[in-house]
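Inside the fold
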Amino acid sequence: MSAADTTTPAKVPPPRQAPPPAAPGTPRRPSAKGAAGTPWLLLAPCLLVLAGVMGYPLVRLVTLSFQKFGQSQLWGFQPAESAGFGNFTKVLSDGEFWQVVLRTIVFAAGSVIFTMVLGMLIALLLQRVSGWVRTLINIALVASWGMPVIVATTVFKWLFDSDYGVLNAVLSKLPGVDLIGHNWFASGPQGLAVIMLLVVWGAVPFVVITLSAGLTQVPKELEEAARLDGAGAWGVFRYVTLPILKPVVVMLTTLSVIWDMGVFPQVFVMRNGHPEAEFQLLTTYSYDRAFVVNDYGQGSAIALITVVLLLGVVAVYMRQMLKIGEVE
């Protein structure tokens, strides 16, 4: 018997039959082109609402920034005049404006750093406490997060009041400390530090809740493997936890920068509607130029410059997210 006789012949697959024709009443499956357009069709109502709510104010802001528009134009006594780039030239050549820009950047950077560090520490702490303690902390976080900004600002005004403030009374009980009657808003740095504390207090709950959700996605096996390799708590966090949380951290940092660059009610209410020069941020400075000085063109130019700065932050955020997507 030869080898050819003992070899098992290969099985030839049966020919593929064509699918039966669809019945006349059977609905056809959507094409790839139609499936690609379905998300845009579903998003169309939301996009139309956003265009109506935000589109007109943005167009009006750009238009006013290139016009000479004051109280006379507002009441219709005089027509609006084209100013070209005059408003931007006046703003960018003003030394006070650059002081406000620097103050806003420092304020936003400090708020973001303290928010992210404190939020990360609390989120890591929640992973190591018992269930009922975690529940109580989450309830407190949600309650503070849901508190209206005006109410929170009023509470902080009372806490730091020079005559009846609780903080001055508590700190004065420490040995060698006498803060009775101390005015925290007598100088810009101290007052802005108080406002920064208020901003951080309101922003930490969202960061903690988001980071806590992200920490649940960190594989415990990777952490155990890092500990077996000799890594300490900081090593596990730096080389295992933080790389996995990087997309969430980038998102939260970018959102915090945008929110903290746009802080307005905290400063406005804390200073009783009239922020002094050393308390001015870009938002309050734009409001002051538009509604106090009644130069709406210059106020719009300041607001538009602020929008451009924030678009730069968004561009950096999108670039980082694209890099993360390429790595993954």
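Refer to the preceding data block for the structure.
Only a predicted model underlies this, so the values are computations on that prediction, with no experimental measurement involved.

Side note on the overall build of the chain
Looking only at helices and strands, the chain has 14 helices and 2 strands in total. Here the chain, with 328 residues, has 32% of them falling under the buried criterion. Contacts spanning at least 24 positions in sequence make up 64% of the contacts within the chain whose residues lie at least 6 apart. With an accessible surface of roughly 21,100 Å², the chain has 69% of that area assigned to carbon and sulfur atoms.

Observations concerning unusual backbone geometry
One non-glycine residue, Asn-272, lies in positive phi territory at about 60 degrees. Tracing the backbone shows Asn-272 in the loop between helix H12 (265–270) and helix H13 (282–292). Taking the relative accessible area as the measure of exposure, Asn-272 reaches 54% and is therefore exposed. Of note in this structure, Asn-294 is not a glycine but carries a positive phi near 65 degrees. Position of Asn-294 relative to the elements: it lies in the loop between H13 and helix H14 (296–327).

A short note on the packing of aromatic side chains
Per the stated rule, a full pass over the model turns up 17 aromatic pairs. Measuring from ring centre to ring centre gives 5.2 Å for Phe-66 and Phe-88, while their planes differ by 50 degrees; the resulting arrangement is tilted. In this pair, Phe-66 is assigned in the loop between helix H2 (32–65) and strand S1 (67–68) and Phe-88 in helix H4 (residues 86–92), connecting sequence segments 22 residues apart. Look at Phe-160 and Trp-184: their rings are 5.7 Å apart centre to centre, the planes differ by 90 degrees, and that puts the pair in the edge-to-face class. Within this pair, whereas Phe-160 is found in the loop between helix H7 (149–159) and helix H8 (166–171), its partner Trp-184 is found in the loop between H8 and helix H9 (188–215), the two being separated by 24 residues in sequence. Trp-184 shares its class with Phe-160; the two are buried. The ring of Phe-69 has Arg-60 lying over it, and the distance from NZ or CZ to the ring centre is 5.6 Å. Stacked on the ring of Phe-279, the Lys or Arg Arg-271 has its end atom at 4.9 Å from the ring centre.

Notes on the nonpolar core
Phe-107, Phe-160, Trp-184, Phe-185, Ile-195 and Met-270 are the most contacted members of the largest nonpolar core, which has 23 residues in total. Of all the elements, H9 adds the most residues to this core, at 9 residues. Those residues within four positions of Phe-185 in sequence are excluded, and the remaining contacts are Phe-160, Gly-191, Val-194, Ile-195, Met-270, Arg-271 and Phe-279. Met-120, Ala-123, Val-236 and Val-240 belong to the second largest nonpolar core, which has 16 residues in total.

What counts as what
Note on numbering: residues in each chain are counted from 1, in written sequence order. Owing to the predicted nature of the model, reporting of local features is limited to residues with pLDDT of at least 70; listing and counting of side-chain atom pairs is limited to 80 or more, with chain, interface and lining totals taken over all residues. Only hydrogens and water are removed before side-chain values are computed, so all heavy atoms of the structure are retained for them. In this text, helices come from DSSP runs of H or I with a minimum length of four residues, and strands from runs of E with a minimum of two, each type numbered from the N-terminal end. Partly exposed describes any residue whose relative accessible area lies between the buried limit of under 20% and the exposed limit of over 50%, with all areas from a 1.4 Å probe on protein chains only and scaled to the type maximum. Should any heavy atoms of two residues lie within 4.5 Å, those residues are considered in contact. Areas reported as accessible are Shrake-Rupley estimates using a 1.4 Å probe. Residue values count occlusion only from the protein chains shown. Between the rings of Phe, Tyr and Trp (Trp by its six-membered ring), a pair exists once the centres lie within 6.5 Å; its type follows the angle of the planes, with under 30 degrees stacked, over 60 edge-to-face, and the other angles tilted. Throughout this description, the term charge over a ring refers to an Arg CZ or Lys NZ atom that lies within 6 Å of the ring centre and within 35 degrees of the ring normal. Residues belong to a common nonpolar core when they are buried Ala, Val, Leu, Ile, Met, Phe, Trp, Tyr or Cys residues joined through side-chain atoms within 4.5 Å.

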